[in-house]
Protein chains: 2
Amino acid sequence: MKRATLRDIARELGVTVATVSRALKDYPDISLATKQAVLATAERLNYTPNPLAVKLRQQAYKVVGVVVPDIVHPFFSDVISGIVDVVEELGYHVILSQSNESYEKEIRVTQMLHATGVDGLLVCLSNETVAVDHLRALQDYDLPVVLFDKTSAELAASSVVTNDFQGAYDATAHLLDQGYTRVAHIKGPTHPENTRQRFAGYQAALTAYGLPFRPEYVAECQAVTHAEGAAFAQQFMRLPEPPDAIFAVSDSVAIGAITALKEMGRRVPEDVAVIGFSDWAVCELLTPSVSSVAQPAYAIGRRASELLLREIQQLRDEQPVEHSRVVLDAVLKVRASSQRPESNPE
Amino acid sequence: MKRATLRDIARELGVTVATVSRALKDYPDISLATKQAVLATAERLNYTPNPLAVKLRQQAYKVVGVVVPDIVHPFFSDVISGIVDVVEELGYHVILSQSNESYEKEIRVTQMLHATGVDGLLVCLSNETVAVDHLRALQDYDLPVVLFDKTSAELAASSVVTNDFQGAYDATAHLLDQGYTRVAHIKGPTHPENTRQRFAGYQAALTAYGLPFRPEYVAECQAVTHAEGAAFAQQFMRLPEPPDAIFAVSDSVAIGAITALKEMGRRVPEDVAVIGFSDWAVCELLTPSVSSVAQPAYAIGRRASELLLREIQQLRDEQPVEHSRVVLDAVLKVRASSQRPESNPE
DNA sequence: CTGAAAGCGCTAACAA
DNA sequence: TTGTTAGCGCTTTCAG
């Protein structure tokens, strides 16, 4: 069955397409009789407007593009879920792409998204991404871009991030409150702003508690994996004075560290406390359950979409486009892996 | 900066848009001089074709719609990843929607997807879905639909599923091979075909091993949650002759059951073995590690997209559309939760 | 209250 | 080799 067009309806009723179009959109000046006739035949022919024609006419795609490093990741699927929920309420759809943490692929997919036709872009930068010219080029075409999670100060754009500094500070302070004194940090790569912030929060907490910063207690991941967490935990334990607590930049790294510590015969949290970042669902199910800093993933998706849709609207109304930076608080989830059974058994 | 159009290029060179269009598409009959001139100015003006105009002209959206019950689910995000990888190779994009396991919402989003404009649909039915008239209606508009994971025999459409029967059979047979004799099953709701198949595989294995089917050893989930797994495990243990092994329809249910069994003081796997379905990443990390039947999620996404793209092509070529049913094997992952330490300590 | 006509940007058959 | 023309399906002036 071919899709019915305005012309089909018009022909059936002996009127013009303009009349039909108006009748369907509840225009003021239209006779009740024709309106009802049009509505009836539209119903009968199962009419639905051709989306392409409508969009071409209005110069609006009603689509937002989303680029994440990796779809198969609990944090990102949560963010995506938030995005989908918000944009669908306003009749927009979501086109999804992944960069696989590759700068090249990120350039490719953002350009493809622009070529395919989107009204705006929601992007989480890949770990490899330093330069943001590819995004600036899109902005030059009046395509609004909102960054989330991994953002860049180089780009004049709205962004939504977790308060990584505060989350990291809270995590480190919690360990220190528990009586641990030699707190190490497995940090992420230097490029994404958010892992730098976690590092800064860690340092700030040490300073606030009057503890020295010890470079040998800091390791830097490349790929931010389970395996790296394990490797660095082993490296730390080989130090003359090994740390008694580890704050890891991610849950995967934390879990890798815990696995390695157990294999080395260290008890968690008695000998070494561990705390991660992101609060994956697994954290609760592991033994010991893993303390972690929860990122408001779903809320990030929602806020980022709201900002993007606002900018799209402002652009359409030829109003000045306002950029905002939204920082959402992280929530520390204290579980077994960071709680010293009896802080001071004295 | 406004997006350049064919007309802009044409005006600059004093030719018509038709010439420009042809030059850009490497038409045979075009002078080298004009072709180069066009290419040069196109480059200079940063020309990219207006996707809407192209699509309206060719009557092709270059977009496939995807409907899953829940984006935030490791199985589905894996499937989606497979879909995205395949369709992007052919210049298509993915529009994502979720039904939240609601029949009503599934109807709404599939219609929205049709209204928005997609060339085809990849759908995993919600647990609530029994009737498939909403999908049949879309097929009537020559919109190809491919079902995956949760499918329906009511719809004449291609489908890609896990071999749930074989997976369930293997899981049950494995338990029986380990020496467990009273194997219970926590099954899913009756509607989705796949949980029925798991139930059938369970029964077939019992029969093959000459064991009776005991109705009191079967419980049926509604929501397929952690909590239900826990509740049914407790129910089983209250039986006069409780089972010594449980095959659960999903990992969440299996993990819930294990949690409850531990709380009741039963050891897993010594007193009761447990095996789940889906092989979530957590299974490996829990204590005891949880045996499970792995579904080829990424491959399901790939195969389903391949079938859909084939049908879209066939439709465009006005060839007959062929439907296929692809059944991909499940793989049993044996871990600690289902392995009797010493089968016969005799 | 409704029709006629223009146009969104691009493509393709037909002329020249 | 290039221009002319028509049209994809819809919206929106401008007339009447």
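All residue numbers refer to position in the chain's written sequence, counted from 1. Labels follow written order: the first chain is A, the first ligand is 1, and so on. Local features are withheld for residues below a pLDDT of 70 in this predicted model, meaning they are given only at 70 or higher, and side-chain atom pairs are given and counted only at 80 or more; totals for whole chains, interfaces and linings count all residues. Hydrogen atoms and water are omitted, and side-chain values are computed over all heavy atoms in the structure.

Caption draft 1: A look at the domain arrangement of chain A. Splitting chain A by domain gives domain 1 (6-48), domain 2 (58-156 + 297-328) and domain 3 (164-295 + 332-343). Centre-to-centre, using C-alpha coordinates, domain 1 of chain A lies 66 Å away from domain 3 of chain A. Those domain boundaries reflect an automatic or database domain assignment.

Caption draft 2: Quick peek at the packing of helix α1 (residues 6-13) of chain A against helix α2 (residues 17-24) of chain A. All names here are of chain A. The interhelical angle for the contact between α1 and α2, taken along N-to-C directions, is 105°, at an axis separation of 8 Å. By the criterion of interaxial angle, the relationship of α1 to α2 is roughly perpendicular. Along the contact surface, α1 presents L6, R7, I9 and A10, while α2 presents V17, V20, S21 and L24. By residue class, the composition of the contact of α1 with α2 is six nonpolar, one polar and one charged. The axes are straight lines fitted to the C-alpha atoms, using for helices just the contacting stretch, and the angles between their N-to-C directions are given from 0 to 180°. To qualify as a helix, a DSSP run of H or I must reach at least 4 residues; to qualify as a strand, a run of E must reach at least 2; elements of each kind are numbered from the N terminus. When describing relative orientation, an angle under 35 degrees is termed roughly parallel and one over 145 degrees roughly antiparallel, while 65 to 115 degrees is termed roughly perpendicular and anything else oblique. The contact rule is simple, with two residues in contact once any of their heavy atoms fall within 4.5 Å. Under the convention adopted here, Pro, Cys and the residues Ala, Val, Leu, Ile, Met, Phe, Trp and Tyr are nonpolar, Asp, Glu, Lys and Arg are charged, and Gly plus all remaining residues are polar.

Caption draft 3: Representation of the relation of the copies chain A and chain B within the structure. For the pair chain A and chain B, the relating rotation is 180°, the translation along its axis is 0.0 Å, and the fit reaches an RMSD of 0.2 Å. In short, the pair behaves as if placed about a two-fold rotation axis. Residue A:I95, judged by its C-alpha, is the member of chain A lying nearest the rotation axis, at 2.3 Å. Residue by residue, 100% of the interface of chain A is reproduced at the interface of chain B, so both copies engage with the same surface. To superpose the copies, least squares is applied to the C-alpha atoms of every residue with a pLDDT of at least 70 in both.

Caption draft 4: Representation of the sheet that holds strand β7 (residues 218-220) of chain A within the structure. Residue and element names in this part refer to chain A. Taken in spatial order, the six strands make up an open sheet running β7-β6-β8-β9-β10-β12, and their pairing is mixed. Edge positions in the sheet fall to β7 and β12 (331-333), since each of these pairs with one other strand and no more. Across the sheet, the axes of successive neighbouring strands diverge by a mean angle of 15°, strand direction being ignored. By this definition, two strands are paired if DSSP reports at least two bridges between them. In this sheet, strand β8 (residues 245-248) lies alongside strand β6 (residues 183-187) in parallel orientation, the contact comprising four bridges.

Caption draft 5: Structural view of helix α3 (residues 32-44) of chain A. All names here are of chain A. With 13 residues, α3 ought to run about 18 Å at 1.5 Å a step, and its terminal C-alpha atoms sit 18 Å apart, in line with that. The set of residues buried in α3 consists of K35, V38, T41 and A42. When α3 is viewed along its axis, its buried side chains cluster within an angular range of 140° and face the same direction. In this structure, α3 carries L32, A33, E43 and R44 as exposed residues pointing more than 90 degrees from its buried face. Positive phi appears at N46, one or two residues downstream of α3, with a value of about 60°. An expected span of 1.5 Å times one less than the residue number is assigned to each helix. Each residue gets one of three labels from its accessible area relative to the maximum for its type: buried under 20%, exposed over 50%, partly exposed in between, using a 1.4 Å probe on protein chains only. By arc we mean the arc of the directions from the helix axis to the C-beta atoms, nothing more.

Caption draft 6: Local environment of the protein's contact with DNA strand D. When we say a residue is near a molecule or strand, we mean one of its heavy atoms is within 4 Å of it. DNA strand D sits among 26 residues. The nearest are A:L6, A:R57, B:T19, B:R22 and B:D29. Backbone atoms, meaning sugar and phosphate, make up 64% of the atoms of DNA strand D lying within 4 Å of the protein. Side-chain polar atom of A:R7 to a phosphate oxygen of DNA strand D: 3.4 Å apart, as the coordinates give it. The term polar contact refers here to a pair of N or O atoms within 3.5 Å; inside protein, the definition further demands a hydrogen-donor-capable atom paired with an acceptor-capable atom, and it admits residues adjacent in sequence only when both atoms are side-chain atoms. Between DNA strand D and B:T19, the relevant distance is 2.3 Å, taken from a phosphate oxygen to a side-chain nitrogen or oxygen of the residue. For the surface near DNA strand D, the secondary-structure elements that each account for two or more residues are α1, α2 and α4 (51-58) of chain A together with α2 (17-24) and α4 (51-58) of chain B. Each residue belonging to the surface near DNA strand D can be placed in one class, and the counts come to 11 nonpolar, eight polar and seven charged.

Caption draft 7: Representation of the side chain of A:K150 in the model. Residue and element names in this part refer to chain A. For K150, the location among the structural elements is in the loop between β4 (145-148) and β5 (158-162). At 3.2 Å, the side chain of K150 forms a polar contact with the side chain of E101. Among the polar contacts made by the side chain of K150, one reaches the side chain of N127 at a distance of 3.0 Å. Ignoring anything within four residues of it in the chain, the contact list for K150 reads P69, E101, V123, C124, L125, N127, P192 and N194.

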